[in-house]
Every structure is written in C-alpha cells, then in structure tokens.
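# Secondary and tertiary structure notes
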Amino acid sequence: MAAPAADGRQLVTNPKHANATANGRYYTDPAGGPDLISVTNVLDTSVSKPALMPWAVKLTVEWVLEHRIEVARRAITDRTALVKEIKEVHKQARERAANLGDRIHAAAEARLLGAPIADDAEVLPYLAQLDRFLTLWGVVRERDVVATEITCLHRRLGYAGTADIMLQLPTGLDRGRQLWLIDIKTSATRSAKSVYPENTQQLAALRFCETVLLPDDSEEPMPAIERTGVLNLRSKSHALVEMPAGRTAHRAFRGALVNALWHHDAPSSYPALLAPGQVAAPRLRTIRKAA
C-alpha cells in the first residue's frame, strides 16, 4: 500500500489521471494503455436515478412560490429570461451541493493525513462528525489509516476509480481489526442511514480492482478488502452503513460497465431509410438575421 512519508504520514494518490470527456470522466493509464472509464461514469450512464426528478420539481416549485410576486411581474415583462432562470434553479442547487461535497472530501482527507485544514464554516460541522466517528471507533491515524483518495485500476475490464478511505476498524472476531473500504457520502437533507443500491456496485467495483496507484505512479496489488461500507456525513449526525459489495454486486457492475461502454461508442444518429424511388429532401439552409 501507500508508503509512509518522511513525517510518518501515509502518502495518498489524488485522481490526477482523471479527465473530463464528452462521455464523462475517464482515467488516463500512466502505463500507456487505453483510457479507463471511471466507476462513477459507469453508474451515472447505466443506473436510473428516479429520485432526482421529484427533487428537482420540488426545489423549482419552492423557488417559484418564494419569488411569486417577482414571478408574476416577470411573467408579463420578462418571460424568456424568467423561464431560463427557473430552469437553472435545480442545476445551481446540484452544483452547490457538489461543491460542498468536494470541500468536505478534501477536509476529510486532510484530517485523516493529519494535514492543515482550511477554515470553512460550512464544512466544519461535517468534519466534526468525521472526528466523532474516528473517536467512537478508536481509530489511530498512524496505525489504522491505510490510504485515502487512492486510484484503483482494473485494466482487464477497462475501468478505474478512486477509493475514499481504506481503514482498519475493530470489527473482527474479538475486536480484531479488519480492512474496510469506505466511501464518504454527504447530504444536507437525507437521513444519515440512507443509501442507494448503486453504492454497493460502486464499492464492489473498487474492491475487486487489480491494482492501486501510488503517488509516483508505481503500482501495488489491490489489498484484500474484508468489509465495505458508506460513511454518511451530515451536519449533525453520521452513520457507517455496511454494504454487501461482494461478487454478486461486482457482476451487476460489470453488466452496467458493458452497457455504459456501448452507449459511449454508439452513434448519436442514424440515417433514415428511404422507400424505393424516394428522393431525399434537400437540406434547408438557415440564415441568421442580424439583430
């Protein structure tokens, strides 16, 4: 695993090889092989998220009601801009939540490494819950934190991902320490005990990777993970939820992987079939008028 730094801290790997593409995140293989699709990209492409639409509708309706006087006025005087603004309400909320989640993850990584943490009032309540989790489980950083934010590769299947935490916890026989693979999830609204089924596939995909990358891009075999779970951090609570990320979940992920790669390789359009003797209509040219 990650070798200790000169000051005794564990060295970790940030996803420096991750790249945004037109088809979502892919990882560049430092060994020079084909790009590897990210685990979250696979699940975002293949797994339906039915809860997102009701959430977006609820958020938008609440915004309209809170701004009802302005909406009534602008519906007459500024309708086009108003519609555009309303359509952005849920997108901006998701971006704010994602930004907060990124900051919480960065602070959590710094805490686990014993590194300085930025003074961020919005993040501190979540960080306090991480501290409480570590205290309750008797985690000693130098002894129990194996790795954070480490890139895991499965070249044979063509995917990669980043593991949030590999951590020793006293969950074995007679409180023996077991190696956990833990994914941190944050939310301002969901219960600390709530998880999604695809969280199991995400953990299984990482658990059964072949190798991990160290900071110098050298490799080691993926360690034998004994248990997997989601650590939900909320501003006033937290919960470690164990997930059954075994071979069955990995087979399900592999199906999602095949589906995602097919979608990414499929053409975006296909030619229409003409009937015998039918002549294709000429394409119409559009001319923009000067404003």
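Just above sits the structure.
In this report, the structure presented in the accompanying data block is examined. Here, residues in each chain are numbered from 1, in the same order as that chain's written sequence. Whole-chain, interface and lining totals are the exception, using all residues; otherwise, since this is a predicted model, local features are given only for residues with pLDDT of at least 70 and side-chain atom pairs are given and counted only at 80 or more. Based on all heavy atoms of the structure, the side-chain values leave hydrogens and waters out of the count.

Further remarks concern the pairing of strand β2 (residues 24-27). The pairing criterion is simple: DSSP has to find at least two bridges between the two strands. Runs of H or I in DSSP of at least four residues are treated as helices and runs of E of at least two as strands, each being numbered from the N terminus. Here four bridges tie strand β1 (residues 18-21) to β2, and the two strands are oriented antiparallel to one another. Each residue of the ladder has a partner; that of Asn19, found in β2, is Tyr26. The antiparallel pairing of β1 with β2 creates a hairpin that spans two residues between the two strands. Examined bridge by bridge, β2 and strand β3 (residues 36-38) share two bridges and lie antiparallel to one another. Each residue of the ladder has a partner; that of Tyr27, found in β3, is Leu36.

Three labels apply to residues, based on accessible area from a 1.4 Å probe with only protein chains included: buried if under 20% of the type maximum, exposed if over 50%, partly exposed otherwise in between. Summarising burial for strand β4 (residues 145-154): ten of the ten residues are buried, a large majority. Here β4 runs beside strand β7 (residues 211-213); their pairing, made up of two bridges, is antiparallel. Residue pairing across strands places Leu153 opposite Thr211, the latter belonging to β7.

The next thing to look at is helix α8 (residues 198-207). Counting buried residues along α8, ten of its ten residues qualify, which places the element largely inside the surrounding structure. Along α8, the residues that are buried comprise Glu198, Asn199, Thr200, Gln201, Gln202, Leu203, Ala204, Ala205, Leu206 and Arg207. It only takes one pair of heavy atoms within 4.5 Å for two residues to be counted as in contact. Where α8 is buried, its residues touch α1 (39-46), β4, β5 (159-169), β6 (178-186), β9 (227-233) and α9 (247-265).

Axis lines are fitted to C-alpha atoms, over the contacting stretch for helices. Their N-to-C directions set the angle, which ranges from 0 to 180 degrees. Between helix α4 (residues 79-87) and helix α5 (residues 89-113), the least distance of the axes is 4 Å, while the angle of their chain directions is 35 degrees. Between α4 and α5, the contacting residues are Glu85, Ile86 and Lys87 on the first element and Val89, His90 and Lys91 on the second. Following the grouping adopted for this structure description, the nonpolar residues are Ala, Val, Leu, Ile, Met, Phe, Trp, Tyr, Cys and Pro, the charged ones are Asp, Glu, Lys and Arg, and the polar ones are all others, Gly among them. Its residues assigned to classes, the contact of α4 with α5 shows two nonpolar, one polar and three charged.

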